[in-house]
2 protein chains.
Amino acid sequence: MLDVANGWIDSGDQMTGGAQRHDPREGARAHRLLWLALGAALLAGCANGRTEGPLLIEKQGAFAAGGAIIGDEATSSLHCDHGVVDYEIPPHPRAVNLLMWHSASAGAWKNRWDGGEGYESIFVRRGFPVYIWDGPRVGRANWACVPLSAPVQIGQDQQNFLAWRFGPEYRHWYPGVQFPKDDPEAWNQATRARYQEFDLLPNVELESAAAAKLADRIGPTVAVTNSAGGFRALMAALQSRNIVGIVAYEDVGYVFPKGEGPGGPPGPFGPVEVSTEEFAKLTRIPIQVVWGDHVEESARFKGMFAQSKMFVAAVNRHGGKAQLLVLHDAGLHGNTHLPFADMNNVAVADLMSAFLKANGLDARAPAPR
Amino acid sequence: MLDVANGWIDSGDQMTGGAQRHDPREGARAHRLLWLALGAALLAGCANGRTEGPLLIEKQGAFAAGGAIIGDEATSSLHCDHGVVDYEIPPHPRAVNLLMWHSASAGAWKNRWDGGEGYESIFVRRGFPVYIWDGPRVGRANWACVPLSAPVQIGQDQQNFLAWRFGPEYRHWYPGVQFPKDDPEAWNQATRARYQEFDLLPNVELESAAAAKLADRIGPTVAVTNSAGGFRALMAALQSRNIVGIVAYEDVGYVFPKGEGPGGPPGPFGPVEVSTEEFAKLTRIPIQVVWGDHVEESARFKGMFAQSKMFVAAVNRHGGKAQLLVLHDAGLHGNTHLPFADMNNVAVADLMSAFLKANGLDARAPAPR
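Residues numbered from 1 in each chain as written. Chains lettered and ligands numbered in written order. Predicted model: local features only at pLDDT ≥ 70, side-chain atom pairs only at ≥ 80, totals over all residues.

Engineer: Which residues make up the sheet that holds strand β10 (residues 221–226) of chain B, and what values go with them?
Structural biologist: All names here are of chain B. Taking strand neighbours across the sheet as the criterion, the eight strands line up as β3-β6-β8-β7-β10-β11-β14-β15 in an open arrangement whose pairing is mixed. Unpaired on one side and paired on the other, β3 (59–65) and β15 (321–326) mark the two borders of the sheet. Each strand of the sheet is rotated relative to its neighbour by a mean of 20°, with strand direction disregarded. Taken together, the seven bridges between β3 and strand β6 (residues 83–89) define a ladder with antiparallel strand orientation. The residue bridging Ala64 from the neighbouring strand is Val84, located in β6. (Pairing = 2+ DSSP bridges. Helix = DSSP H or I, 4+ residues; strand = E, 2+ residues; numbered from the N terminus. Axes fitted to C-alpha atoms, helices over the stretch in contact; angles between N-to-C directions.)

Engineer: With reference to specific residues and values, describe the interface of chain A and chain B.
Structural biologist: Many descriptions give the size of an interface as the accessible area lost when the pieces come together. Each partner contributes to the interface: chain A provides 60 residues, whereas chain B provides 60 residues. Sheet topology note: the strand β9 (residues 148–150) of chain A/strand β9 (residues 148–150) of chain B ladder contains three bridges and is antiparallel. By the bridge assignment, Leu148(A) is partnered in β9(B) with Ala150(B). (Contact = placed C-beta atoms within 7 Å.)

Engineer: Tell me about the packing of helix α6 (residues 201–218) of chain A against helix α7 (residues 228–237) of chain A, residues and numbers included.
Structural biologist: Residues and elements named next belong to chain A. Between α6 and α7, the shortest axis-to-axis distance is 8 Å and the interhelical angle comes to 60°. If you check the angle between α6 and α7, you find them oblique. At the point where α6 passes α7, the crossing takes the right-handed sense. Listed contacts from α7 to Val204, Glu205, Glu207, Ser208, Ala211, Ala212 and Ala215 of α6 are Phe231, Arg232, Met235 and Ala236. In the contact of α6 with α7, the residues fall into seven nonpolar, one polar and three charged. (Parallel < 35°, antiparallel > 145°, perpendicular 65-115°, else oblique. Left-handed = near helix turned anticlockwise from the far one by under 90°. Nonpolar A, V, L, I, M, F, W, Y, C, P; charged D, E, K, R; others polar.)

Engineer: Help me get a handle on α6(A), residues and values and all.
Structural biologist: Residues and elements named next belong to chain A. Along its 18 residues, α6 runs 26 Å from first to last C-alpha, staying within 8% of the 26 Å computed at 1.5 Å per residue. Among the residues of α6, those classed as buried are Asn203, Val204, Leu206, Glu207, Ser208, Ala209, Ala210, Ala211, Ala212, Lys213, Leu214 and Ala215. Turning to α6, the residues buried within the fold contact β3 (59–65), β6 (83–89), β8 (130–134), β10 (221–226), α7 and β11 (243–249). Gly219 sits one or two positions beyond α6 and adopts a positive phi of about 95°. (Expected span 1.5 Å × (residues − 1). Buried ≥ 20, exposed ≤ 12 C-beta atoms within 10 Å, placed from the backbone.)

Engineer: Pulling in residues and values, what's your account of the relation of the copies chain A and chain B?
Structural biologist: Under the fitted operation, chain A is carried onto chain B by 0.0 Å of movement along the axis and a turn of 180°, and the coordinates agree to an RMSD of 0.0 Å. The relationship between the two copies is best expressed as a two-fold rotation axis. Mapped onto chain B, 100% of the interface residues of chain A again fall at the interface, so both copies present the same surface. (Least-squares fit on C-alpha atoms with pLDDT ≥ 70 in both.)

Engineer: If you had to explain the nonpolar core to someone new, which residues and values would you point to?
Structural biologist: Membership of the largest hydrophobic core comes to 214 residues, with the highest contact counts inside it found for Met100(A), Ile246(A), Met100(B) and Ile246(B). Those residues within four positions of Met100(A) in sequence are excluded, and the remaining contacts are Trp109(A), Tyr119(A), Glu120(A), Val130(A), Tyr131(A), Ile132(A), Trp133(A) and Val224(A). (Core = buried A, V, L, I, M, F, W, Y, C linked by C-beta atoms within 7 Å.)

Engineer: So, the environment of Pro168(A): which residues are in play, and what are the values?
Structural biologist: Tracing the sequence through the fold places Pro168(A) in the loop between α4 (156–163) and α5 (184–191). Between the C-alpha atoms of Pro168(A) and Ile218(A), which are 50 residues apart in sequence, the distance is 41 Å.

Engineer: Now, about the pairing of β11(A): what can you tell me, with residues and values included?
Structural biologist: Residues and elements named next belong to chain A. Among the seven residues in β11, seven count as buried, and that is most of the element. Relative to β11, β10 runs parallel, the two sharing six bridges. Note that in β11 the partner of Thr221 across the bridge is Ile243. Regarding the hand of the β-α-β motif, the stretch spanning β10, α7 and β11 is right-handed. Sheet analysis places β11 next to strand β14 (residues 286–291), joined by four bridges and oriented parallel. Residue Tyr249 lies in a different strand from β14, and its bridge partner there is Val290. (Right-handed = clockwise from strand over helix to strand, strands pointing away.)

Structure follows, in structure tokens:
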């Protein structure tokens, strides 16, 4: 039996939908232009540039990726160990997909802590196809090829609170934290937003392999991750050239070239060491590791923060383009372990849009002919 | 430990986005009318009436409903046994929500079998707020107040195929079945679309109680269910006045007044008997039970089909308004256990829209002032 071990608690460039103007004296020609302009606004501007008003979705759905088949298909079998994505694609989308990958909380991408717009909505508005991932055995992908069991995790509330870095002690909030701390329902929702996560190294490998299959199906993809999802995405990038970038919010597991890591046995939160040749794959894509506030005063995160610096240095030493973004250095304050769900998540998203733009990852797909 | 027992395998009125016309000779007044018409189209018609082109979403997200807290919140606790919904609300929505409730497959509501639009998209286009439910312990709501375990379910592929009534034997399709049977990927996706379901009577009760809490939060709601989800919705309707209707695709569990059921002990697929007073709650809301093809030749479904007729008769005998809809009697052929995901799901949806309209459940919410 496989037991749950939730060690870590996880967990644009703005287009303006320009107001169209017209001159009532111009007559029929103006009418035609107006129609054209409104058509264009519907097709592109309204869909992708606005931060208010309805968002437009060209296609949405869900599907499985990766997985195995066990037993004998002729008589008795089981399709299992696939991952599952929900996706939303806006009209005239950008060419690169965003794969949002929390270890086990789709909701964290779907809402801000107060129920306001989450990263999914924000980036669909900005024109990106957005995929939200439940890796194999997690959430809606829990038809597993092995027996699963999950103990009752009393104490997880307190672990959540600390690991999501809302404050130094349970229900004692950091001053200025980007969380609606005076609303008890917000905390109720936050702590119910997770599900069984299975933080074991074999599961990291299983999830990474399935995500690589997903990327190979959907095409060029930036993995946008939280916590242990970042480690999984690094492992996936070793297995698919379609992982073309990673924005890792508070990644808690890293990959290093042999002999260049912090040492110790590999575990569900790294470190994993690979050959220099394998590691070179991580030097070919832009990687940004993003951290919120109070990291260095947290016993839980201090070591990982240091390790993230080692990782960035290793990537760049081998010719890559990794960077560390500490949000308070960029003028944002009060961010938690999940900056993309924080009250200032639009400002956090603006930094991600800038990163995508700087790395040429925000081009529009060619228009259909 | 709680073991999984997947016994059952689950599992509008069309508004026309009217083409606007204008006369180029009318000048400024025509311009103003044009703007008004286009604004109206954006706000209402485009969002809700079209079956092609982008769909409009005013607000979307996810949240938990119901649940318990165990342990001591001051020191060591766990929020658990909540359900979770994803939701999408179109602009200027209808007043009644649709709660889509498969026992354990969100994907079945999100796609047609070939990946085309599912019920979620179809009914958001038709103007309804749509909620997709993972009940407590299921999918993204599996932080449970009790230990959970799930065995490896080899043979589930074959059970799925038969229970979803794609054909009389595994991979032998019924002629004319509304499934893209020549596409092997469609079957791969279908059988990976489910997840752990926990078909036990205590779980039915837990899920029903949480769904009642959900309805009390979101307001008047029609439960749109599949298979054992129908039984759970009947139980929820006993607990919340905000369940204002039920459309049950192939419900496999029923509630009866004491002494009027088929007999036998209550189980995860019914029958549950309640007092006449309790049962009266089910007579106050419109209920439609819908069946696809090949039901009477299926050993698995024949009995439940008969029981559904007993249920409809019992509701109506007590003054209610329940009805049975056999799709082939309505001119639709080849439907499976999940008609809402079948290739003719728009025609199936049209019948549901007609039912909602006939029962006054499709009014628009008052416009905001």
